[in-house]
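Each chain, letter by letter, is given below.
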Amino acid sequence: MTIPPQPPTPRYQRIVLKLSGEALAGPEGFGIDPDQATVIAHKIKAVTDLGVQVALVIGAGNLWRGSRGVQRGMAQSTADHMGMIATVMNGLALQDALEQIGVPTRVQTAVMMNQVAEPYIRLRAIRHMEKGRVVIITGGTGNPYFTTDTAAALRGMEVNADVIIKGTQVDGVYTEDPKKNPDARRFDRLTYSQAIEYRVRVMDLTAITLCMDHKLPLIVLNIWDDHSLQDAVLGKKVGTLIDGE
């Protein structure tokens, strides 16, 4: 009798995945492309199939960038609240894509919208993940002046995540922008202090500082690489790990 191979054991049991809104944009670079949402959904499913608990924090850059409004005289608070609302739209798109492939989800928001999403409640989010549901956390922190990167760090600490994974379009942190300088060197690992010193552009410095204070590791990777997310949760070397003193 042939014994079926056992699935690999993940290094991280509970993760917060941070994605920018641009991950959902189509070829035009803005809006919500259902095909992109489906690709992301399958990557998340591959991780949940390993038994990993997932909370997802999504940005809104594909729908609204508050900095443009501010440059034209809009109040920062108004611009930021518009961005928070836009993250809910992205969250609903991802929920639909995940549910279509059989992944149970809940959308929670720090901005109250009871008809479309649950309010963000820490213990409820944890219970959902314990039951195998992906929790899509939207609305940022619920406060202006804070990025969704910072929201990911905050929620990661609140739900006792083992790691925050920042999914980007580049395969880690570089000395320079690799799209502008092909000779830029990629870091396999950085300490929190080094990441702050180098002012890495792929993650908000406030978020990195929060993670440093609470010893929550960060992994920056290219979400579009075929197996990068799955490899990361299995503990394989992928992207750039930010941890340590």
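Remember, it's a predicted structure, so these values are computed and weren't measured experimentally.

Scoring rules and cut-offs
Residues numbered from 1 in each chain as written. Predicted model: local features only at pLDDT ≥ 70, side-chain atom pairs only at ≥ 80, totals over all residues. Heavy atoms only, no water. Helix = DSSP H or I, 4+ residues; strand = E, 2+ residues; numbered from the N terminus. Expected span 1.5 Å × (residues − 1). Core = buried A, V, L, I, M, F, W, Y, C linked by side-chain atoms within 4.5 Å. Buried < 20%, exposed > 50% of the residue type's maximum accessible area, 1.4 Å probe, protein only. Contact = heavy atoms within 4.5 Å. Phe/Tyr/Trp six-rings, centres within 6.5 Å; stacked < 30°, edge-to-face > 60°. Lys NZ or Arg CZ within 6 Å of the ring centre and 35° of its normal. Axes fitted to C-alpha atoms, helices over the stretch in contact; angles between N-to-C directions. Parallel < 35°, antiparallel > 145°, perpendicular 65-115°, else oblique. Left-handed = near helix turned anticlockwise from the far one by under 90°. Nonpolar A, V, L, I, M, F, W, Y, C, P; charged D, E, K, R; others polar.

All right, on to helix α3 (residues 76–100) then. What sets the pattern is the α-helix's 3.6 residues per turn: residues three or four places apart point alike. Relative to the 36 Å expected for 25 residues at 1.5 Å per residue, α3 spans 37 Å between its end C-alpha atoms, a close match to the ideal helical length. With its phi angle positive at about 85 degrees, G102 sits one or two positions after the end of α3.

What follows is about the nonpolar core. Core analysis: the biggest nonpolar cluster contains 35 residues, and I15 and I165 have the highest contact counts within it. Among the elements of the structure, β1 (14–19), α1 (34–48), β2 (53–58), α3, β5 (134–138), β6 (163–168), β10 (218–222) and α8 (228–233) are those that each provide at least two residues to this core. Per-element tally for this core: the top contributor is α1, with 5 residues. Leaving out residues up to four positions away in the same chain, I165 has contacts with I15, V16, L17, K18, I219, L221, L229, A232 and V233. I126, A151, V200 and L218 belong to the second largest nonpolar core, which has 31 residues in total.

The next point concerns the packing of aromatic side chains. The tally for this structure, following the rule as stated, stands at 1 aromatic pair. Ring geometry for F187 versus Y198: centroids 5.5 Å apart, planes at 15 degrees, classification stacked. On the criterion of sequence distance, the pair formed by F187 in strand β8 (residues 186–187) and Y198 in the loop between α6 (192–197) and α7 (205–214) is long-range, its members being 11 residues apart. Taking the relative accessible area as the measure of exposure, F187 reaches 11% and is therefore buried. A cation over an aromatic ring shows up here: R155 above the ring of Y120, its NZ or CZ 4.0 Å from the ring centre.

This next bit is on the packing of helix α5 (residues 148–158) against α7. Contact pair α5 / α7: the axes reach a minimum separation of 7 Å and the direction vectors enclose 20 degrees. In terms of orientation, α5 lies roughly parallel with respect to α7. The two elements α5 and α7 cross, and the hand of that crossing is left-handed. Across the interface between the two elements, D149, T150, A153 and M157 of α5 pack against T206, A207, L210, C211 and H214 of α7. Classifying every residue of the contact of α5 with α7 gives 5 nonpolar, 3 polar and 1 charged.

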